[in-house]
Amino acid sequence: MKNSQAFLAVAVFLLVHSNVDALTRPSSIRLDNNSYTGVVVAINNQIAESDVLIQRIKDMFIEASKYLYQATRKRAYFKEVTILVPKTWTPKPEYELPGNVTFDYADVIVAPPNPRWAPLTYTKQYQGCGKQGVHIHFMDAFLTDPNTELYYGPLGRTLVHEWGHLRWGLFDEYPDAVGDPDNYQEFYFSPTTNQFEGVRCSYDYNSVPLIFFPDNFFYRECNGGPDVGYEDGCVYYVLVEQDSVTSSIMYGTYPLTEISYFCDNNETDTPNLHNREAPNKHNRLCGRRSSWEVLRDHVDFAGDINQPRDLTADELIPKFTIVQHRDVRVVLLVDTSGSMNTDNRFTKMISSSANYISSIVNDGSYIGIVEFNYLGIMLKNLTLVTSDDDRQALLDALPPKAEGSTAIGDGLLKAIEVLSEGGQDPAGGIILLITDGEERERPFIADVIDFVSDSGVIVDTLAFTQYAESTLPDLSLATGGKAFFYSNEPGSNTLYEAFAATMERGDVIDAEKRVQLLGTSWVISGGQLREGGVFMDNTIGKRTEFVFSWTAQNVIGIEVTLTSPNGSVINSSFEGYGVDVTFRLLTIKLPGIAEPGAWDFAVLNSDARSDEEVSITISSYPVSDDVEPIIVTSELSGSITAFAQGEPLVAYAELRQGFSPIIYANVWATIERPGGFPPIMVQLLDNGAGADITKYDGVYSRTFTEFTGIGFYGIKIDVDNNQGNAIVIDASPFSKARPIINPDQVFDLPDIGGFQIPTPGTPPQEPKGRAAPMFSRGISGGSSRVDEVPAGFTPGNDIFPPGNIIDLRVTASSFENKTVTLMWTAPGDDLDLGAASRYEIFRASSIIALQNDSNPDSHYKLTSDDLLQGNLTAPQDYGTREVFIIEVPVNASSVASYAFVMRAYDDAGLVSDFSNVVQATLREYIPPSGPSSEGQGGLTGGQIALVVIFSVLGIVLVIGIAGASFKYLTKPKNTKTVDVEGENTDKKKDGNANNAYVVDA
Ligand SMILES: [Ca+2]
Ligand SMILES: [Ca+2]
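Residues numbered from 1 in each chain as written. Chains lettered and ligands numbered in written order. Predicted model: local features only at pLDDT ≥ 70, side-chain atom pairs only at ≥ 80, totals over all residues. Heavy atoms only, no water.

## Let's talk about the coordination of the calcium ion (ligand 2)
- Those donors, Asp798 (OD), Asp798 (OD), Phe800 (O), Asp829 (O), Asp829 (OD), Asp830 (OD) and Asp906 (OD), are the protein atoms that reach the calcium ion (ligand 2), and they lie 2.2 to 2.7 Å from it.
- Site description for the calcium ion (ligand 2): donor spacing in sequence, D-x1-F-x28-D-D-x75-D. Residue aspartate 830 is found in the loop between strand 45 (819-825) and strand 46 (838-844), and its partner aspartate 906 is found in the loop between strand 50 (895-905) and strand 51 (918-923); the two are separated by 76 residues along the sequence. Per residue, the accessibility class of aspartate 830 equals that of aspartate 906, and both read buried. (Donors = N, O, S within 2.8 Å, 3.2 Å for Na, K, Ca; no water. Helix = DSSP H or I, 4+ residues; strand = E, 2+ residues; numbered from the N terminus. Buried < 20%, exposed > 50% of the residue type's maximum accessible area, 1.4 Å probe, protein only.)

## Considerations on empty space enclosed by the protein
- In this structure, the largest cavity spans a volume of roughly 1000 Å³.
- In terms of lining, the largest cavity is formed by 45 residues, of which the most central are Asp104, Glu504, Ile631, Val632 and Thr633.
- When contributions to the lining of the largest cavity are tallied by element, the ones reaching two or more residues are strand 7 (122-124), strand 8 (135-139), helix 13 (494-504), strand 23 (515-524), strand 32 (630-636), strand 33 (649-657) and strand 43 (776-786).
- Each residue belonging to the lining of the largest cavity can be placed in one class, and the counts come to 17 nonpolar, 12 polar and 16 charged.
- Reported here for the second largest cavity is a volume of approximately 340 Å³.
- The wall of the second largest cavity is formed by 25 residues, among which Trp117, Tyr122, Thr123, Lys124 and Thr694 lie closest to the centre.
- Elements with a minimum of two residues in the lining of the second largest cavity: strand 7, helix 5 (155-166) and strand 33.
- Counted by class, the lining of the second largest cavity contains 8 nonpolar, 8 polar and 9 charged residues. (1 Å grid on protein atoms, 1.4 Å probe; cavity = no way out; pocket = protein on both sides within 12 Å on 5 of 7 lines; lining within 4 Å. Points joined across faces, edges and corners; volume = space filled by probe spheres on them. Nonpolar A, V, L, I, M, F, W, Y, C, P; charged D, E, K, R; others polar.)

## Observations regarding the nonpolar core
- By size, the foremost hydrophobic cluster in this structure holds 91 residues, and its most contacted members are Tyr36, Ile43, Phe61 and Ile83.
- With 9 residues, the top contributor of residues to this core is helix 2 (residues 51-71).
- Apart from the residues within four sequence positions on either side, isoleucine 83 is in contact with Val41, Ile43, Ile54, Ile57, Lys58, Phe320, Thr321, Ile322 and Val323.
- Membership of the second largest hydrophobic core comes to 39 residues, among which are Ile350, Leu432, Leu462 and Tyr496. (Core = buried A, V, L, I, M, F, W, Y, C linked by side-chain atoms within 4.5 Å. Contact = heavy atoms within 4.5 Å.)

## Points about the coordination of the calcium ion (ligand 1)
- Taken together, Asp686 (OD), Asp692 (OD), Asp692 (OD), Thr694 (O), Asp697 (OD) and Val699 (O) make up the full set of protein donors to the calcium ion (ligand 1), lying 2.2 to 2.6 Å away.
- Sequence spacing of the donors to the calcium ion (ligand 1): D-x5-D-x1-T-x2-D-x1-V.
- The buried category is assigned to aspartate 692, whose relative accessible area is 1%.

## Here we look at helix 10 (residues 408-419)
- Over its 12 residues, helix 10 runs 17 Å from end to end, which matches the ideal 16 Å to within 8%, given 1.5 Å per residue.
- Residues of helix 10 that are buried: Ile408, Gly409, Gly411, Leu412, Ala415, Ile416, Val418 and Leu419. (Expected span 1.5 Å × (residues − 1).)

## Brief notes about the state of the cysteines
- Counted by the stated rule, this structure contains 3 disulfides.
- Note on cysteine connectivity: cysteine 201 is disulfide-linked to cysteine 263, with sulfurs 2.5 Å apart. The disulfide joining cysteine 201 to cysteine 263 has a torsion of about -135° about its S-S bond and is therefore left-handed. Separated by 62 residues along the polypeptide, cysteine 201 in the loop between strand 10 (195-198) and strand 11 (207-213) and cysteine 263 in the loop between strand 15 (235-238) and helix 6 (281-285) bring together distant segments of the chain. The residues cysteine 201 and cysteine 263 share a single accessibility class, namely buried.
- Each sulfur in the disulfide pair cysteine 222 and cysteine 234 lies 2.0 Å from the other. Across the disulfide from cysteine 222 to cysteine 234, rotation about the S-S bond amounts to roughly 95°, and the bridge is consequently right-handed. Linking cysteine 222 in the loop between strand 12 (218-221) and strand 13 (224-225) with cysteine 234 in the loop between strand 14 (229-230) and strand 15, this pair joins segments that are 12 residues apart in sequence. (Disulfide = S-S within 2.5 Å.)

## A word on the packing of helix 10 against helix 11 (residues 445-454)
- Axis separation between helix 10 and helix 11 bottoms out at 8 Å; the angle between their running directions is 25°. Judged by the inter-axis angle, helix 10 sits roughly parallel to helix 11. Here helix 10 and helix 11 pass one another in a crossing that is left-handed. Of the residues in helix 11, those in contact with Ile408, Gly409, Leu412, Leu413 and Ile416 of helix 10 are Ile445, Val448, Phe451 and Val452.
- Its residues assigned to classes, the contact of helix 10 with helix 11 comprises 8 nonpolar, 1 polar and no charged. (Axes fitted to C-alpha atoms, helices over the stretch in contact; angles between N-to-C directions. Parallel < 35°, antiparallel > 145°, perpendicular 65-115°, else oblique. Left-handed = near helix turned anticlockwise from the far one by under 90°.)

## A closer look at the side chain of serine 28
- Mapped onto the fold, serine 28 is located in the loop between helix 1 (2-8) and strand 1 (30-32).
- At 2.8 Å, the side chain of serine 28 forms a polar contact with the backbone oxygen of glycine 38. (Polar contact = N/O pair within 3.5 Å; in protein donor to acceptor, adjacent residues only side chain to side chain.)

## Description of the sheet that holds strand 16 (residues 319-324)
- Reading across from one edge, 7-8-6-3-5-16 is the order of the 6 strands in this open sheet, with mixed pairing throughout. Only two strands of the sheet have a single partner each, and these edge strands are strand 7 and strand 16. Adjacent strand axes in the sheet meet at a mean angle of 25° when their direction is disregarded.
- Pairing analysis gives 4 bridges linking strand 3 (residues 39-43) to strand 5 (residues 80-85), with the strands arranged parallel. Note that in strand 5 the partner of valine 39 across the bridge is valine 81.
- In this fold helix 2 packs onto strand 3, strand 5, strand 6 (108-111), strand 8 and strand 16, with an angle of close to 155° to the strand it touches most, strand 3.
- Most of the contacts of helix 5 go to strand 8, to which it runs at about 150°, and overall it touches strand 3, strand 7 and strand 8. (Pairing = 2+ DSSP bridges.)

Spelled out as structure tokens, the structure:
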């Protein structure tokens, strides 16, 4: 295999990674000279081999490049795109080596569906407005099924919409019942026009207010009107035929050929003018700034860079490089300098290396070993692991002792040499660098970082204690690697995690991924027993291992007893119970499939005289290919945290089974801190507030603010089922983005990849799910480094204000009682932690009045006299739902409207930014609702077919609003003519001001 790889290595495509307000995940996207490069599309290894799919991806980018160039008014296009195909596909000569391209860090993934969004494409975004997201997720059928383009418009346009989410941190401008359920509304009252308006951007759409009755399967014009509002369930239905509108791409109606741009704030350019009043997610998270206002502050365009440039059609065609996953090659680069003898660092490193070689390395991987002290020394060349003998040969090569200086740079060069043996290209090889000390010998990391990065190797770094070289995260970042921190304190076990991460780069399918149930460390006093447990869920159970390491030399330091869920006891007499005194490892391997349920373990320090440090790692593998395992991944806001500039550290954990998000789970982060301070635990929440921008997407978020000084902050994530409450999302039976079609043509919509296209106007429902199995997981969340603290800082200082309220909303209003009910999630004293001390709530006539005024606090500030419920001076703890009922003056005859904005203070007088602004409408007249007043109501499911058949003759509904009559009729399935381009001859404008139209039979 080695030789054939060398022959195939016609070229290696290397990506330069950078840190653009990124997460700890590396990104190689750049915009230079109007050209996007470093864009990675990765195809999941569960996707069947398909040349058509590759071609569709290429076609999509070719189209997207032109559309992006137009949409950015000649400022950006796609120049270079790398497509990563899985190892499971047949190798081809044109597939290049993957270099440092991996599936996990790709920008666009083609993968099995996430049922929360399927069949639609979505962008996973952890952070917020203006920040880069995680990836765009296409279901493969969405790319290959011709129905996609019929109903959702050209793929290239879909991609540019998603690119707005991914690269620039823009959000959807359409009402989104799935992605933004708490804030979903179709219409709002505009104090500017004094009318009820549909949520949209720009204003210039032709539309009709329609209500859909899924049980009867028909539409009719909504009761109500622009002056009084519409009945519940009414949707703003965008028509296929438009006159002047040209924006916006983030509104999602790009199937209309007219839609060519992102909204801007130029008041004279109405077809592209941003709608600042619309209560959508974009306005809520981006402070009501238009897409272009966000873009002009983005690193791609800030400072007037990438100004418009004329390019030919040929120049806009991207260059594609296809690369393929290869075998995993790892060099362990271990620090054997004298300082490693301190605090048992060396023994722990060797124990975990031995465990890695024995248990974690997958068959078919290549492993080499290099040590460094005064210089780098090869201990074992790259060895293909296929047998126990291969593993033993590697174990025998582990270094026996540590002494001397620290030459990290030379170690890196030696490791690259090992990866280059036999003329192989080192690109794509992984170096796991484990070190505890500052560099003493040249070359330093800084001397070799460019060479290392150019060679295409990936360097994962494991910082061993606070003293570890502070350029390690930079080295990981520059090479697309991951930075780990091991504190050497009780509770920390990232040592094992860092090793396991190397295998995950090997294109392992989920069904073959190692799952870590627990990773921790304990100090057990002499002669004492300590007990713990894990829950073995029914998705895993193969190759289950309980691994314990101890530190005392040349003795068996511990004894372990396991108790299975049915009460069987496993001890040293068990066949799978093994002890290795040389590497200080006690391993219990369970044969077959481990019994699901609660496994308890007890560890005895058998030496009565001294304390023992015990590391514990419990892992298993998915039980079969048919059951998808529960996977937990995590990210931090950055591998470096600018605390001195007031930046907090944000932890994110994502929980899924296959690609289905798991919600309502219990997720905790433990953060280890420098300076000898105890670790802090915070609960991560999927609540759509504070640091969490999307509710119920299976991404749990929380800020951490309790810094104790300069050094590494290591994160551990623990997850469980929350006492049986966790749910795996199966389906969201609602279309977040609607296909743009005539309402008389929506019958019998096809499916895409097995997911029915939801009929536009289908009433939103809660996501559907199934109970998650009982499970528990404990993983490392990586680490972040603080280089500088604010002037005069001592731990405990109040540095952070309360968090910004991003989910303020109006949940009720009463014209009769003259009340408005506001709801939001309480911020903390320090961002997401604790409780604030008081709230300020301002009331104005309109959102525009607030926005046009540079001092929102010049508007009326509520006092306790205005409140029927709620207390301005007693905010609740972070994450608690606040409900305030506010009395407002109502002088108008039928409709009154107020905008509200608020902020929170802490006890140190620090204040949050203003919240999102909401507009409350109080109206006297509530339009009646129901299927219709013409006897169409009450149709049962069995009668739907009759409706469809009779509709050939025309079921005519007459609605008596303002004297206008509109007709809608259903059509039989066989007459369906889908036309998204507005060429349909069945309809014509009726010419009235509402732009509603009549459908003739
Ligand atoms: Ca979330
Ligand atoms: Ca504070």
